[in-house]
Amino acid sequence: ASSFARMFVQVCLYFYCKCLWRCLKFVVRKLTGQCELQRICYNTKPGAARTMKIEASLKGSKSKRLQTSVSVHPDAIERTIDDIMELKRINPDINPQLGVSLQACLLQIVGYRNLIAEVEKLRREPYDSENPQHEEMLLKLWKCLKPNSPLKARISKQWCEIGFQGDDPKTDFRGMGLLGLYNLVYFAEWDTEIAQQVLSDSLQPKYSNAWQYLDFNYYYFSPLSQFSKAEWEKKKFDKAIGYSFAIVGINITDLAYNLLVSGALKTHFYNVAPEAPTLTQFQQTFCYLMHEFHKFWVEEDPLDIMEFNRVREKFHKRILKQLQNPEMALCPHFAASESLINM
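We now turn to the structure provided with this report. In this text the structure is predicted, and so the values were computed from the model without any measurement.

1. Considering the pattern of salt bridges
And step 1. One pass over the full model with this rule turns up 15 salt bridges.
And step 2. For Glu135, the salt bridge goes to Arg154, with nearest N and O atoms at 2.7 Å. Taken as a pair, Glu135 in helix α7 (residues 132-145) and Arg154 in the loop between α7 and α8 (177-190) lie far apart in primary sequence, 19 residues in all.
And step 3. Residues joined in a network through salt bridges with shared partners are Glu300, Glu307, Arg310 and Lys314.

Laid out in structure tokens, this is it:
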């Protein structure tokens, strides 16, 4: 009985709030002479804050035409804007900027949905070793990461050198399909120097670069200067931070995919993409996440690879928290992402 009463109160509260909200919107429109869409566009600066408010307003409208406007084909956006202006009784000649602002927001909203579909299609497509294009991409990954070490055979233990689990990488793409390969190749091809450095770091013990520094600053590098070179060579292997580069790349692809599908990346894309976000921008986001995860892994100082899930989950929560800020744009650290700065 108590649960029924609680449910009844919740239902009544829901309808009360819904009716009250509509009444408030009606009163505000009468007082300001502007509909909710106008107030959002005129009072909120361009970016995620504006686009997300427009998206929520359209989805929460009692009009079916407005509700479905967030899922129209990109080619139908201009016509949809005209329908919205007509439905809201807004004179486009008096409010020319409103149509431009709404169009920019709808391009982002519709583009985000289409990006999810494009990414999902790649994720669902399995790697096919009989497909020449798939094989070409895989070999490109090797050449970009190991330009000075020719691959001796297509099936080879050499693949373990870039972080695959066995002698044939195709089995490692099962979780993320072609999406994992696309992201790794993009990272290796367009941010080659950084990708090679991350790969090198992932293969090295924690203090691999410290000894190089110690060679030039032996008497000034404390507390490492207390060890002889032989002692340090032994000590530096006591605790490694290595991980499998390719496998982690596929795992971070999964993280980026979930951020996209859950809508968490709307904040980022609505702030950096002036119109519809693209697959290239998603891949740039993957590059950023790879770079940030690598730094985070080092900062977390894990005992071994068995701590990967803990570190990944903590990293995931940190990115989610950052994306809760409506002004957040994941800062590019890569040459391939420099275009984001100017958008």
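2. A short note on the side chain of Glu120
And step 1. In this fold, Glu120 is placed in helix α6 (residues 96-124).
And step 2. The class of Glu120 is buried, set by a relative accessible area of 15%.
And step 3. A polar side-chain atom of Glu120 sits 2.6 Å from a polar atom in the side chain of Arg124.

3. With respect to the environment of His73
And step 1. Tracing the backbone through its elements, the reader meets His73 in the loop between α4 (64-67) and α5 (77-87).
And step 2. With 34 residues separating them in the primary sequence, His73 and Leu107 have C-alpha atoms 9.6 Å apart.
And step 3. Here Asp75 takes part through its backbone nitrogen, which lies 3.0 Å from a polar atom of the side chain of His73.

4. Some details on the packing of α8 against helix α14 (residues 279-300)
And step 1. Relative orientation of the contacting elements α8 and α14 amounts to 75°, with a least axis distance of 9 Å. Considering the angle they form, α8 stands roughly perpendicular to α14. Here Leu179, Tyr182, Asn183, Leu184, Tyr186 and Phe187 of α8 come into contact with α14, specifically with Thr280, Phe282, Gln283, Gln284, Phe286, Cys287 and Met290.
And step 2. Its residues assigned to classes, the contact of α8 with α14 shows nine nonpolar, four polar and no charged.

5. So, the nonpolar core
And step 1. If you look at the biggest cluster of nonpolar residues, it comprises 83 residues, and the most contacted ones within it are Ile54, Leu102, Leu141, Leu181, Phe282 and Leu289.
And step 2. At eleven residues, α6 tops the list of elements feeding residues into this core.
And step 3. Mapped onto the domain boundaries, this core takes at least three residues apiece from domain 1 (29-124) and domain 2 (132-207 + 228-324).

6. Points about the packing of aromatic side chains
And step 1. Taken as a whole, this structure holds 15 aromatic pairs when the rule is applied.
And step 2. Taken together, a centroid distance of 6.0 Å and an interplanar angle of 65° make the contact between Tyr112 and Tyr270 edge-to-face. Here Tyr112, found in helix α6, pairs with Tyr270, found in helix α13 (residues 266-272); they are 158 residues apart in sequence, far enough to count as distant. Assigned by exposure class, Tyr112 and Tyr270 land together as buried.
And step 3. Aromatic rings pair up to connect Tyr243, Phe293, Phe296, Trp297, Phe308 and Phe315 into one cluster.

Here is what the cut-offs are and how they apply
Residues numbered from 1 in each chain as written. Predicted model: local features only at pLDDT ≥ 70, side-chain atom pairs only at ≥ 80, totals over all residues. Heavy atoms only, no water. Salt bridge = Lys/Arg side-chain N within 4 Å of Asp/Glu carboxyl O. Helix = DSSP H or I, 4+ residues; strand = E, 2+ residues; numbered from the N terminus. Buried < 20%, exposed > 50% of the residue type's maximum accessible area, 1.4 Å probe, protein only. Polar contact = N/O pair within 3.5 Å; in protein donor to acceptor, adjacent residues only side chain to side chain. Axes fitted to C-alpha atoms, helices over the stretch in contact; angles between N-to-C directions. Parallel < 35°, antiparallel > 145°, perpendicular 65-115°, else oblique. Contact = heavy atoms within 4.5 Å. Nonpolar A, V, L, I, M, F, W, Y, C, P; charged D, E, K, R; others polar. Core = buried A, V, L, I, M, F, W, Y, C linked by side-chain atoms within 4.5 Å. Domains from an automatic or database assignment. Phe/Tyr/Trp six-rings, centres within 6.5 Å; stacked < 30°, edge-to-face > 60°.

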